[in-house]
Amino acid sequence: MVKQDELRNKLKQTRIRLGMSQQDLANLAGVTRQTISGVESGQYAPSTTIALRLAKALGCQVEDLFWLEQDLPEITAVPAYNVPLGEGLRLILAQVGNQWIAHPLIGQDAFRTEMIPADGEGDRLPGKNTMVVQLLDEPVNLYDTVILAGCAPALSLWARAAERWHPHLRVHWILDNSMTALHRLRRGEVHLAGMHMYDSQTGEYNTPFVRSIIKDATTVLINLGIWEEGMLTQPHNPLGLKSIADLAQPGVTIANREAGSGSRQVLERSLQEANIPFTAVKGFDHILHGHLEVAQAVATGKVTSGISTASVAAAFGLGFIPLQESRYDLAILQPYLDEAPVQKLLGTLGHRRVLSQLEAIGGYNTTQTGEVVATIEATTGNS
């Protein structure tokens, strides 16, 4: 970290980009080459006059060349559970409830199709429940950020559509399975948790799991869509798979999902209903994380099959054998519904622009999209 009051500049980068030598710039700005060298190395702080001359010579504003680190404030944030100990962590910040939460940009969370710019940089220290984050840029979108966790690829589609509608809104999607997302919501790390979990005892989707995990706050479930879940097959289904029972055939291998995912739950329940022991399925212990990883494994021939959705199958050009329709809901703590960025995001959910995108990827029933399907009251402290 640089000192707070250090003058920073990108004079050298700008000069080189324009194909100028130090002497070329010195001649244009009416200064010596030694002055250019001293400014670029940080050994010399230019006067206002020289700064203006340099900016004019390079065809830009003074602020494009020089800035003070003290212009960028620090924020004390609570690290999400998966922020590792270490220095120089790239972080995304969002205000969830009444506190700042820092999420790490590590591994798959650092990328979508492009690398995600960080809001700040900070160190997580042993034994500390908060961390100080040095911002890397002006805090333009921090107060308009929504953190969304879940496994449905359609969540990113919805996020991008909402950002087009509201240019100042920023939605950061974290790829988590249903139970991990729900626990994040309980810990106050995210605004919304996507989930598709079925309780065979009650015949209900999602509500029993919210009730068992979030006890101290009223939680609202808003429907994203009803999607088809089933078995992915390689293009044209060369092995002729027809049902869950075929996964136990010789020569068939699968990729499974991690515990806590809705897809693993579908696989286990389907096998149990067909009286097929888990050990009879080759690859049952081959764990992949996320619908896209499973689809890629099937598409590249690493495995024969895996559980995912009709929309993912269509996106990868794979075959699909439906097993059930599942309700995918967004869980949100009731107080978060009053937060402005959350209202902006949810306000787009039932709009035709979003519905048409969900319908276009296939496998989604949008008749309930945007509707509140359940309100689970807090139980802590109740008689």
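Because the structure is a prediction, the values reported are computed rather than measured. (Residues numbered from 1 in each chain as written. Predicted model: local features only at pLDDT ≥ 70, side-chain atom pairs only at ≥ 80, totals over all residues. Heavy atoms only, no water.)

## Brief notes about the environment of His183
- Relative to the assigned elements, His183 resides in helix 7 (residues 178-187).
- Along the sequence, His183 and Ala193 sit ten residues apart, while their C-alpha atoms lie 8.6 Å from each other. (Helix = DSSP H or I, 4+ residues; strand = E, 2+ residues; numbered from the N terminus.)

## Brief notes about the pattern of salt bridges
- Using the criterion set out here, one finds ten salt bridges in the structure.
- With its nearest N and O atoms 2.6 Å apart, the salt bridge here joins Arg15 to Glu40. On the criterion of sequence distance, the pair formed by Arg15 in helix 1 (residues 11-17) and Glu40 in helix 3 (residues 33-41) is long-range, its members being 25 residues apart.
- Assessed through its relative accessible area of 7%, Arg15 is described here as buried.
- The class of Glu40 is buried, set by a relative accessible area of 15%.
- In this structure, Arg170 and Asp119 form a salt bridge, with 2.7 Å as the shortest nitrogen-oxygen distance. Here Arg170, found in strand 9 (residues 170-175), pairs with Asp119, found in the loop between strand 5 (99-104) and strand 6 (120-124); they are 51 residues apart in sequence, far enough to count as distant. (Salt bridge = Lys/Arg side-chain N within 4 Å of Asp/Glu carboxyl O. Buried < 20%, exposed > 50% of the residue type's maximum accessible area, 1.4 Å probe, protein only.)

## A word on empty space enclosed by the protein
- On inspection of all chains with the given rule, the structure shows two cavities of 30 Å³ or more.
- A volume near 50 Å³ is recorded for the largest cavity.
- Lining the largest cavity are Leu247, Ile254, Ala255, Asn256, Arg257, Ser263, Leu267, Ser305, Gly306 and Ile307.
- Residues that form the lining of the largest cavity fall into these classes: five nonpolar, four polar and one charged.
- Looking at the second largest cavity, its volume works out to about 40 Å³.
- As for the second largest cavity, its lining consists of Thr233, Gln234, Asn237, Pro238, Leu239, Leu241 and Thr304.
- Among the residues forming the lining of the second largest cavity, the class breakdown is three nonpolar, four polar and no charged. (1 Å grid on protein atoms, 1.4 Å probe; cavity = no way out; pocket = protein on both sides within 12 Å on 5 of 7 lines; lining within 4 Å. Points joined across faces, edges and corners; volume = space filled by probe spheres on them. Nonpolar A, V, L, I, M, F, W, Y, C, P; charged D, E, K, R; others polar.)

## Some remarks on the nonpolar core
- In this structure, Leu93, Leu155, Trp158, Leu182, Leu185 and Leu330 are the most contacted members of the largest nonpolar core, which totals 69 residues.
- Here this core gets six residues from one element, more than from any other, and that element is strand 4 (residues 86-96).
- In contact with Leu93, not counting residues within four places along its chain, are Ile75, Ala77, Trp100, Ile101, Ala102, Asp119, Val133, Leu135, Leu142, Thr145 and Arg170.
- Ranked by size, the runner-up nonpolar core spans 16 residues in total, among them Met20, Ala26, Ile36 and Ala57. (Core = buried A, V, L, I, M, F, W, Y, C linked by side-chain atoms within 4.5 Å. Contact = heavy atoms within 4.5 Å.)

## What to know about the sheet that holds strand 4
- An order of 3-5-4-6-7 is seen for the five strands of this closed barrel, with the pairing classed as mixed. Pairwise comparison of adjacent strand axes, ignoring direction, gives a mean angle of 50° for this sheet.
- Bridge count between strand 3 (residues 74-79) and strand 7 (residues 131-135): four bridges; the pairing is antiparallel. When the sheet's bridge partners are listed, Ile75 is paired in strand 7 with Val133. (Pairing = 2+ DSSP bridges. Axes fitted to C-alpha atoms, helices over the stretch in contact; angles between N-to-C directions.)

## What to know about the side chain of Thr369
- Position of Thr369 relative to the elements: it lies in the loop between strand 18 (364-365) and strand 19 (372-376).
- By relative accessible area, Thr369 is classed as buried at 9%.
- A distance of 2.8 Å separates a polar atom in the side chain of Thr369 from the backbone oxygen of Leu224.
- Dropping the residues within four chain positions of it, Thr369 is found in contact with Asn223, Leu224, Gly225, Leu349, Gly350, Leu355 and Leu358. (Polar contact = N/O pair within 3.5 Å; in protein donor to acceptor, adjacent residues only side chain to side chain.)

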